[in-house]
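Results of the structural survey
Each chain is listed here by its residues.
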Amino acid sequence: MTATTTAPLAAPETRTPVRRPSARLRAWATRAPLLPALIFMIVVTQLPFVATLVISFFDWNSLYPDARHFTGLDNYHEVLTDADLRQSVWTTVLLTVAVVLASLVLGLLLALLLDRRFRGRGIVRTLLIAPFLVVPVAAALLWKHVLYNPEYGLFNGLLHYVGGPQPDWISNTPLLAVEASLVWQWTPFMMLILLAGLQSRDHQQIEAARVDGASDWQIFVHLTLPHLRRYLELGALLGSIYIVQNFDAVFTITSGGLGTANLPYTVYQSFYQAHENGLASAAGVLVVIGSIVIATFALRVVSSLFREEMSGA
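Just so it is clear, the structure is predicted and the values come from calculations on it, not from any experiment.

Below, the discussion takes up the overall build of the protein. Along its length, the protein carries 14 helices and 2 strands. The long-range fraction of contacts in the protein, counting pairs at least 24 apart against all pairs at least 6 apart in sequence, stands at 68%. On the protein, roughly 20200 Å² of surface is accessible, and the fraction owed to carbon and sulfur atoms is 67%.

The geometry of a pair of packed helices is captured by two quantities: the angle between their axes and the separation between those axes. Interhelical geometry of helix H6 (residues 136-147) versus helix H9 (residues 174-199) gives an angle of 130° and a closest axis separation of 10 Å. Taken together, the axes of H6 and H9 lie oblique to each other. Between H6 and H9 the crossing geometry is right-handed. Between H6 and H9, the residues in contact are Pro-136, Ala-139, Leu-142 and Trp-143 and Ala-180, Ser-181, Trp-184 and Gln-185, respectively.

Our focus in this paragraph is the packing of aromatic side chains. Inspection of the entire model under this criterion finds 19 aromatic pairs. Taken together, a centroid distance of 5.9 Å and an interplanar angle of 50° make the contact between Phe-57 and Tyr-76 tilted. Here the residue Phe-57 occupies a position in the loop between helix H2 (35-55) and strand E1 (58-59), and Tyr-76 occupies one in helix H3 (residues 74-81), the gap between them amounting to 19 residues. By relative accessible area, which is 25% here, Phe-57 ends up partly exposed. Site record: aromatic cluster; members linked through ring pairs are Trp-143, Tyr-148, Phe-155, Trp-169 and Trp-184.

Moving on: the packing of H9 against helix H11 (residues 216-244). Two elements in contact, H9 and H11, have axes whose closest approach is 9 Å; the angle formed by their N-to-C orientations is 145°. The hand of the H9/H11 crossing is right-handed. On H11, the residues touching Leu-182, Trp-186, Phe-189, Met-190, Ile-193, Leu-194, Ala-196, Gly-197 and Leu-198 of H9 are Thr-224, His-227, Leu-228, Tyr-231, Leu-232, Gly-235, Leu-238, Gly-239, Tyr-242 and Ile-243. Split by residue class, the contact of H9 with H11 holds 14 nonpolar, 5 polar and no charged.

This part takes up the side chain of Arg-201. Tracing the backbone shows Arg-201 in the loop between H9 and helix H10 (203-211). Given a relative accessible area of 16%, Arg-201 falls into the buried group. In this structure the side chain of Arg-201 is engaged in a polar contact, spanning 2.7 Å, whose partner is the side chain of Asp-115. At a separation of 3.1 Å, a polar atom in the side chain of Arg-201 contacts the side chain of Thr-224.

In the UniProt entry, the feature "transmembrane region" (unreviewed entry) is given for residues 34-58, 89-114, 126-143, 175-198, 234-258 and 278-302. Annotated as 89% helix and 0% strand, the span residues 126-143 places its first and last C-alpha atoms 21 Å apart.

This part covers the nonpolar core. Residues Leu-95, Val-99, Ala-111, Val-178, Leu-182 and Ile-243 are the most contacted members of the largest nonpolar core, which totals 35 residues. Broken down by secondary-structure element, the contributors of at least two residues to this core are helix H4 (83-114), H6, H9, H11 and helix H12 (248-254). With 13 residues, H9 is the single largest residue contributor to this core. If sequence neighbours within four positions are ignored, Ala-111 has contacts with Met-191, Leu-194, Leu-195 and Leu-198. Of all hydrophobic cores here, the second largest spans 18 residues; its members include Leu-237, Val-267, Leu-279 and Ala-282.

It is worth spelling out the pattern of salt bridges at this point. Side-chain pairs of opposite charge can arise where the charged atoms are in close proximity. By the definition in use, this model includes 4 salt bridges. As a salt-bridge pair, Asp-115 and Arg-201 come within 2.7 Å of each other at their nearest N and O atoms. Taken together, the residues span a long stretch of sequence, with Asp-115 in the loop between H4 and helix H5 (121-133) and Arg-201 in the loop between H9 and H10 at a distance of 86 residues. A salt bridge links Glu-233 to Arg-230, with the nearest nitrogen and oxygen atoms 3.5 Å apart. Taken as a pair, Glu-233 and Arg-230 lie in helix H11 at a separation of 3 residues, close to a single helical turn. Taking relative accessible area as the criterion, Glu-233 reaches 27% and is therefore assigned partly exposed.

It is worth spelling out the side chain of Thr-260 at this point. Structurally, Thr-260 is set in the loop between H12 and helix H13 (263-273). The class of Thr-260 is buried, set by a relative accessible area of 1%. A polar side-chain atom of Thr-260 sits 2.6 Å from a polar atom in the side chain of Thr-254. Filtering out sequence-adjacent residues up to four positions away, Thr-260 remains in contact with Thr-91, Pro-174, Leu-175, Val-250 and Thr-254.

It is worth spelling out unusual backbone geometry at this point. The backbone of Ser-255 sits at a positive phi, close to 55°, despite the residue not being glycine. With respect to the helices and strands, the residue Ser-255 is situated in the loop between H12 and H13. Even without a glycine there, the phi angle at Leu-258 is positive, about 60°. For Leu-258, the location among the structural elements is in the loop between H12 and H13.

Procedures and definitions
Residues numbered from 1 in each chain as written. Predicted model: local features only at pLDDT ≥ 70, side-chain atom pairs only at ≥ 80, totals over all residues. Heavy atoms only, no water. Helix = DSSP H or I, 4+ residues; strand = E, 2+ residues; numbered from the N terminus. Contact = heavy atoms within 4.5 Å. Areas by Shrake-Rupley, 256 points an atom, 1.4 Å probe, with all protein chains shown as cover. Axes fitted to C-alpha atoms, helices over the stretch in contact; angles between N-to-C directions. Parallel < 35°, antiparallel > 145°, perpendicular 65-115°, else oblique. Left-handed = near helix turned anticlockwise from the far one by under 90°. Phe/Tyr/Trp six-rings, centres within 6.5 Å; stacked < 30°, edge-to-face > 60°. Buried < 20%, exposed > 50% of the residue type's maximum accessible area, 1.4 Å probe, protein only. Nonpolar A, V, L, I, M, F, W, Y, C, P; charged D, E, K, R; others polar. Polar contact = N/O pair within 3.5 Å; in protein donor to acceptor, adjacent residues only side chain to side chain. UniProt positions renumbered as here; feature names shortened; annotations may be inferred. Core = buried A, V, L, I, M, F, W, Y, C linked by side-chain atoms within 4.5 Å. Salt bridge = Lys/Arg side-chain N within 4 Å of Asp/Glu carboxyl O.

In structure tokens:
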């Protein structure tokens, strides 16, 4: 009879628990690469705005730096009550509304044209986008010297060819001259936004409407325009953000004269010519506040567009 021996049981291994990083630590680890960009943005944008906000509460003329003193909201009161400053606010509103509306209408017409298939559509689209890619100062100089000049400008050259008058466009219609240059530059932007909206339509629904006997006008009014509402709002808001802050066209074409001085040009005039740092800072803060209000609505429209795209997908 053979004896069987059993091997002794091995002692259970003791494992040291592995500590996993907490959720907060993982969150900071994923955000750490963005910190340099965040710090740079704060230093470049937020700190100057805070300094501007502080200066706006002082009566501060750079020619007499020792005479500065705290005045509270007096600078804001002067911006809103001074006749010239009120006129610049009204000019800003008028310029913004006229440019945005004209750009939207022309952009919609061009988007409807490019939504159709025809030979050379890619070349036409590239040519129509080109004005938006021109540097704003260069675009303003182009309109001032190449088109508006009463002696050698293109407009008066065409009028001379047909025996028409030779007007001085900038002197006769100064605000319209600025608006035309901005409309020329911003129509391609509106066209791109609206073209994206047209190409996102439900083509089966349009074909069904055609089968039911709907005309092109009825399809445009009852199907296309309701679908483009969000895109029209987005284009209007984004365009307004830029036009409210526009300085290049006013400075280059009219130098703020002849009733074309908008609020950004008034800020420049108060700061660099009158040396009124406090007053210019108050006007600048009002421009920023107006831009933030418009940008808030723009972000809401963009968010709603994304939600609609996600729900329709």
